Amino acid sequence: MSKFWRSFMPYQLWRFLVINTKMYLIAKGIIGPKHT
Amino acid sequence: MKPRIVVLGAGFAGHTAALHLSRILKGRADLTVVAPGDRFTWFPSLIWVGTGTMSPEETHFELAPVYERVGADYVNGRAVEIHPDVAKVVVERADGTRSDLSYDYCLNATGPYLNFAGTPGLGPSSGNSLSVCSVEHAVQTREQYLRIVEDLKLGKRRRLLIGIGHPAATCEGAAFEYLMNVDADLRLRGLRDHAELTWLTNEPEPGDFGVDGIEVMKHGSLSTGASLVRGLLDESDVRILMSAGITKVESGRADYEQAGSDPSSVDFDFAMLIPQFRGIPIKYVAADGSDITKEMTQPNGFMNVDADYAPKPYDQYRGTDWPATYRSPKYANLYAAGIAFAPPHPLSKPKKTPSGNVIVATVPRTGMAAGIMGRTVAYNILDQIEGREPSHHARMSEIPAACIASMGNSFWKGSAASIIMTPVARDFQKYPKYGRDLALCDMEVGLGGAWTKRALHSAFLYKLQARPGWPLIPE
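Residues numbered from 1 in each chain as written. Chains lettered and ligands numbered in written order. Predicted model: local features only at pLDDT ≥ 70, side-chain atom pairs only at ≥ 80, totals over all residues.

Looking at the confidence of the model for chain B
The predicted model of chain B averages 96 in pLDDT, with 100% of residues at 70 or higher. Overall fold confidence (pTM) sits at 0.96, and the ipTM for the predicted complex is 0.95. (pLDDT = per-residue confidence, 0-100.)

A look at the environment of A:Met1
For A:Met1, the position within the fold is in the segment before α1 (3-7). Residue class for A:Met1 comes out partly exposed when judged on the 15 C-beta atoms lying within 10 Å of it. Taking the C-alpha atoms as reference points, A:Met1 and A:Ile30, separated by 29 residues in sequence, lie 29 Å from one another. Excluding residues within four positions of it along the chain, A:Met1 makes contact with A:Arg6, B:Glu444 and B:Val445. (Helix = DSSP H or I, 4+ residues; strand = E, 2+ residues; numbered from the N terminus. Buried ≥ 20, exposed ≤ 12 C-beta atoms within 10 Å, placed from the backbone. Contact = placed C-beta atoms within 7 Å.)

What to know about the packing of helix α1 (residues 12-25) of chain B against helix α8 (residues 367-385) of chain B
Residues and elements named next belong to chain B. At their nearest, the axes of α1 and α8 sit 7 Å apart, and the two run at 35° to each other. Our pair here, α1 against α8, has a crossing hand that is right-handed. The residues of α8 that touch α1, namely those facing Phe12, Ala13, Gly14, Thr16, Ala17, His20, Leu21, Ile24 and Leu25, are Gly367, Ala370, Gly371, Met373, Gly374, Arg375, Val377, Ala378, Ile381 and Leu382. Each residue belonging to the contact of α1 with α8 can be placed in one class, and the counts come to twelve nonpolar, six polar and one charged. (Axes fitted to C-alpha atoms, helices over the stretch in contact; angles between N-to-C directions. Left-handed = near helix turned anticlockwise from the far one by under 90°. Nonpolar A, V, L, I, M, F, W, Y, C, P; charged D, E, K, R; others polar.)

Some thoughts on the pairing of strand β25 (residues 416-421) of chain B
Residues and elements named next belong to chain B. Most of β25 is tucked away, with six of its six residues classed as buried. Side chains of β25 alternate between two faces, with Ala416, Ser418 and Ile420 and Ala417, Ile419 and Met421 buried alike. As judged from the six bridges shared by strand β24 (residues 401-406) and β25, these two strands associate in the antiparallel manner. By the bridge assignment, Ala402 is partnered in β25 with Ile420. (Pairing = 2+ DSSP bridges.)

Things to note about the nonpolar core
In this structure, B:Ala17, B:Ile162 and B:Ala337 are the most contacted members of the largest nonpolar core, which totals 150 residues. Setting aside chain neighbours within four positions, we find B:Ala17 in contact with B:Val7, B:Leu107, B:Ala109, B:Ala337, B:Gly374, B:Arg375, B:Val377 and B:Ala378. (Core = buried A, V, L, I, M, F, W, Y, C linked by C-beta atoms within 7 Å.)

Observations regarding α1(B)
Residues and elements named next belong to chain B. Compared with the 20 Å implied by 1.5 Å per residue over 14 residues, the 20 Å span of α1 between its first and last C-alpha is a close match. Buried residues of α1: Phe12, Ala13, Gly14, His15, Thr16, Ala17, Ala18, Leu19, His20, Leu21 and Ser22, and no others. Contacts from the buried residues of α1 go to β1 (4-8), β2 (30-35), β3 (39-41), α3 (63-70), β8 (105-108) and α8. Of the residues trailing α1, Lys26 is marked for its positive phi of about 45°. (Expected span 1.5 Å × (residues − 1).)

Listed below in structure tokens is the structure:
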């Protein structure tokens, strides 16, 4: 990814939402393998 | 009589276990937490303390009020002996007195012993290097770093060595974050041109981080953590020394051995080097008073649990080698989680130097992984209290990990690598091609990652103080 996209705020806000949603769902075991 | 549960340690694994035990048992057991400090520290943010971009007070909170709120007893002390046959722990309290604590269930989550002595000359107290492994160390590192900044302002050239201080240490991610935060901070100050940064690590390739790296599928093509991290290091003009193990640190000079090369040395004006982690020295004592520590632990001092410790070559490692319940194979009421359990083997491929020394990035098991283990043990203890065998499992080869590697703590100009991997330990039986489910792996760099890192700092300090709704925040 180019430096531009790495700091372009609207794109980064979108990626922030996507990555955090993905992390939350995986950490909660809602998607991916069940654990605990 | 209520069952008695003793949790040794109040880090990611121990504190998480204690919170879940108090939540799920709801007063049906007497819970005691023994921890040598009086506060919980959010270690991932100490890299910011070490560059002066966060105050130390923002990284920790007092434990006693939290345990009072959740109905647990708190002992400010450390476990010095475990007597598993008679189910008691000998605790040395902060005032120096010793007392016994009997238990029905015990979790050893005592974390790491920072083995600075494992490398001659390493460490901030009696050695020649710095560390960010505790609040005190990070503050010390910040003072030294700010002196370097003053020198750079005067136009002096300065050499900064950042990385790993032992051939078999772990926590490469934290050292990498510190390196990239120093780089970002010096750029913001307009001083980067005068500083030479060197990254010295025991990883076999950039971005290994002790978990054998990561691959992700982006828009149909495969990209690797190695290429991403190498690109970032090159972009930042950092000198890279891979597969390197430091053997001695003198004032201003570190000797190291490297796979495939003759021994060499690197000069520095400032060195932040992570030490090797060992198990906290605890003596295990049998009913007849004999010392059974060697039967209960691996040579590195970490406690044996339900892992497969049979030695085997790298290409025969299996996902099922990793422990599932974190229970001792000898004592049904004793567990170990987080850094305190003994991993069966590394995840990274070990390398040898020409002199025969093994260079290997050992397995990180802090943060999210430790929290998941702590929660798993809490549920397994509940199983046992209710008369069942432990049914909850969290092998490293089945749990995910999210890692946000900070590369600057500025809201507008910061950056971080956001990494998700499932599972942490590759399992080629389950995922034959890469050992991981690439649909559940992700990795990217940008400002959004800096926001995530900061958001996690706040969210976890909220959660771990057992504030309202804390169970909604996952480990």
